[in-house]
Amino acid sequence: MRATLSLAQARRLALAAQGLHRPRPAAPASTRSLTAVFERLQLVQIDSVNVLVRSHYLPFFSRLGAYDRGALDRLSSRSPRRMVEYWAHEASFVRPEHFDALRLWQRRAWVGAHRMDSGTRADLAERIVAVLASSRPLTASQLTERLGHVEERRTDSWGWNWNAVQRVASHLFEEGILGSAGRSPSFERRYALMEAVLPPGLARDPALSRDAAILELARAAVAAHGIGTVRCFADYFRLPHRDTGRALERLVASGEAEPVDVPGWPGPVYRDPQRTLPRTAQGRALLSPFDSLVFERRRLEELFGFRYRLEIYTPAARREYGYYVLPFLLRDAVVARVDLKADRVRRTLIVHAAHAEPGAPPDTAAELAAELALLADWLGLDDVRVADSGSLAFTLRRELPGRLG
């Protein structure tokens, strides 16, 4: 007989898989604990928006509390790297051992030089590789200068007016020839040959098949999600749905995934049989808009009853909740959402809007206030200022004694 889980049990299983089901540890976060969180999540998405803090820093704060961001930077910028950058869900830090599997399945032609004349691309690629073979890691702008490349600056494509060097370097990154040795203070990739980026002694399989690769990634997605549908697992690393389904069938046959029924969640649904179902969920966290718990929006809505859309690219007049909105998780429910900004000049965390979800418990404002205070302290901000927008704003302001509110 197939096991049946309630939606509440499925939520707790999902939270446990993501390390969000219990209060944060009391001990200060160490490099070891940062590494443990990353290995649990399998990947952390990268995004350039810095209105609050770079998004890849937030998942670790959500799970560990305050920590040294420099320690996290070192995991991806110093050898032996525990995190390497590559395309996965989107641009992401991934586990080095997953790089070869991802390289076989990731194709992001729109960011590279696929439309460039093949002869020009090949010549420039050869020159870029030659420079990096005998230099320290370089950003695209440094490579442009080193190669003496000059071209007329384009202004016809907002956000992607890259010159030929940037496009070819990105193309080589997509192909796995170049890697990122870290990011500059302005968030540019520091390119290096991929062999110099991957940890020394990393076991690699040049004969790895696409079937074996997607099986490896599907297995990792099942462990990271804890429970989900084929669509959920495929979305984690942005893999094809049909191929992920076939890989999942093999995981079921080997006992590494288990079909379950979850009334109210359109299936079929599968769980990680190695993940223990917690009896309660007692965590509390503000979640990055790019947190892996909220990757798959339909999963989030079906599992938590929380409808979430990122409105960064929505015109301001048409936004429903705000520009950079973080869901607030309390115990086993997403109970509120807040539009946040770090005003670094005034050293203030600004809450542009605070909205409670239907059925939010009575302690939502108090718990959210405590979480905002922790976030402000971690970011080195002195105050929290709450604007008037949103159903939770007035109550939240009252719960921030000693701060501007």
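Residues numbered from 1 in each chain as written. Predicted model: local features only at pLDDT ≥ 70, side-chain atom pairs only at ≥ 80, totals over all residues. Heavy atoms only, no water.

**Focus on helix 8 (residues 164-174)**
- Judged by how many residues are buried, helix 8 sits mostly within the fold: nine of 11 residues are covered.
- Of all the positions in helix 8, only A164, V165, V168, A169, S170, H171, L172, F173 and E174 are classed as buried.
- Where helix 8 is buried, its residues contact strand 3 (84-87), helix 6 (118-132), helix 7 (140-147), strand 5 (178-183) and strand 6 (189-193).
- Phi for G176, located one or two positions after helix 8, is positive at around 85°. (Buried < 20%, exposed > 50% of the residue type's maximum accessible area, 1.4 Å probe, protein only. Helix = DSSP H or I, 4+ residues; strand = E, 2+ residues; numbered from the N terminus. Contact = heavy atoms within 4.5 Å.)

**Considering the side chain of Q106**
- On the secondary structure map, Q106 appears in the loop between helix 5 (99-105) and helix 6.
- At a separation of 2.9 Å, a polar atom in the side chain of Q106 contacts the main-chain carbonyl oxygen of F237.
- Dropping the residues within four chain positions of it, Q106 is found in contact with Y86, W87, A88, F237, R238 and L239. (Polar contact = N/O pair within 3.5 Å; in protein donor to acceptor, adjacent residues only side chain to side chain.)

**Remarks on the side chain of T35**
- Relative to the assigned elements, T35 resides in helix 2 (residues 31-41).
- Overall, T35 belongs to the buried group, its relative accessible area being 7%.
- With sequence-adjacent residues up to four places away left out, T35 is seen in contact with L75 and R82.

**A look at the packing of aromatic side chains**
- Taken as a whole, this structure holds nine aromatic pairs when the rule is applied.
- Taken together, a centroid distance of 5.7 Å and an interplanar angle of 50° make the contact between Y86 and F173 tilted. Within this pair, whereas Y86 is found in strand 3, its partner F173 is found in helix 8, the two being separated by 87 residues in sequence.
- Every member of this aromatic cluster is reached through a ring pair, and the members are F60, F61, Y67 and W378.
- Positioned above the aromatic ring of F187 is the side chain of R54, whose terminal nitrogen or guanidinium carbon lies 4.3 Å from the ring centre.
- The positively charged end of R337 is found above the aromatic ring belonging to Y321, 4.1 Å away from the centroid. (Phe/Tyr/Trp six-rings, centres within 6.5 Å; stacked < 30°, edge-to-face > 60°. Lys NZ or Arg CZ within 6 Å of the ring centre and 35° of its normal.)

**Regarding the sheet that holds strand 9 (residues 269-271)**
- The sheet built from four strands is open, its strands ordered 1-8-9-7 with mixed pairing. Two strands bound the open sheet, and with one partner strand each, they are strand 1 (3-4) and strand 7 (227-228).
- Sheet topology places strand 1 next to strand 8 (residues 258-261); two bridges connect them, and they run parallel. By the bridge assignment for strand 8, T4 is matched with D261. (Pairing = 2+ DSSP bridges.)

**Re empty space enclosed by the protein**
- All chains considered together, the criterion is met by one cavity of 30 Å³ or more.
- Estimates place the volume of the largest cavity at around 40 Å³. (1 Å grid on protein atoms, 1.4 Å probe; cavity = no way out; pocket = protein on both sides within 12 Å on 5 of 7 lines; lining within 4 Å. Points joined across faces, edges and corners; volume = space filled by probe spheres on them.)

**Brief notes about the pairing of strand 8**
- Pairing geometry for strand 8 and strand 9, over three bridges, is antiparallel. Note that in strand 9 the partner of V260 across the bridge is V269.

**Quick look at the pattern of salt bridges**
- Tallying each qualifying case throughout the model produces 23 salt bridges.
- The salt bridge involving E296 is made with R298; its shortest N-O contact spans 3.6 Å.
- Judged by relative accessible area, R298 falls into the partly exposed class, the value being 46%.
- Among the ionic pairs, R397 bridges to D388, the shortest N-O distance being 2.7 Å.
- Among the residues examined, R397 registers a relative accessible area of 25% and is labelled partly exposed.
- Given a relative accessible area of 66%, D388 falls into the exposed group.
- Here the salt bridges do not stand alone but share partners, grouping R24, R284, E367 and E371 into one network. (Salt bridge = Lys/Arg side-chain N within 4 Å of Asp/Glu carboxyl O.)

**Some thoughts on the nonpolar core**
- Counting residues in each nonpolar core, the largest one holds 109 residues, and the members touching the most others are L52, I128, F237, L340 and L375.
- Considering every element that reaches this core, the biggest residue donor is helix 10 (residues 210-225), with nine residues.
- Every residue in contact with L340, bar those within four places of it in the chain, is listed here: V51, L52, L286, Y324, L326, L349, I350, V351, L372 and L375.
- Ranked by size, the runner-up nonpolar core spans 25 residues in total, among them L15, I227, L293 and L329. (Core = buried A, V, L, I, M, F, W, Y, C linked by side-chain atoms within 4.5 Å.)

**Some details on the environment of H149**
- Tracing the chain through its elements places H149 in the loop between helix 7 and helix 8.
- Once you skip the residues sitting within four places of it in the chain, H149 turns out to touch T144, A164 and V165.

**Regarding the environment of R24**
- Examined against the element boundaries, R24 turns out to sit in the loop between helix 1 (7-17) and helix 2.
- With 39 residues separating them along the chain, R24 and R63 place their C-alpha atoms 6.1 Å apart.
- Apart from residues no more than four positions distant in its own chain, R24 is found in contact with F61, S62, R63, L64, G65, R284, A285, E371 and L374.
- For R24, the side chain forms a polar contact with the main-chain oxygen of F61, separated by 3.0 Å.
- Here R284 takes part through its backbone oxygen, which lies 3.5 Å from a polar atom of the side chain of R24.

**Regarding the sheet that holds strand 2 (residues 43-45)**
- The three strands are arranged 2-4-3 in an open sheet whose pairing can be described as antiparallel. Edge strands, defined here as strands with exactly one partner in the open sheet, are strand 2 and strand 3. Neighbour-to-neighbour, the strand axes of the sheet open up by a mean angle of 35°, direction not taken into account.
- Of the pairings in the sheet, the one linking strand 2 to strand 4 (residues 91-94) comprises three bridges and is antiparallel in character. For L43, the partnering residue across the bridge sits in strand 4 and is V94.
- This element, helix 2, spans strand 2 and strand 4 of the sheet and lies at about 90° to strand 2. (Axes fitted to C-alpha atoms, helices over the stretch in contact; angles between N-to-C directions.)

Structural measurements only, silent on function.
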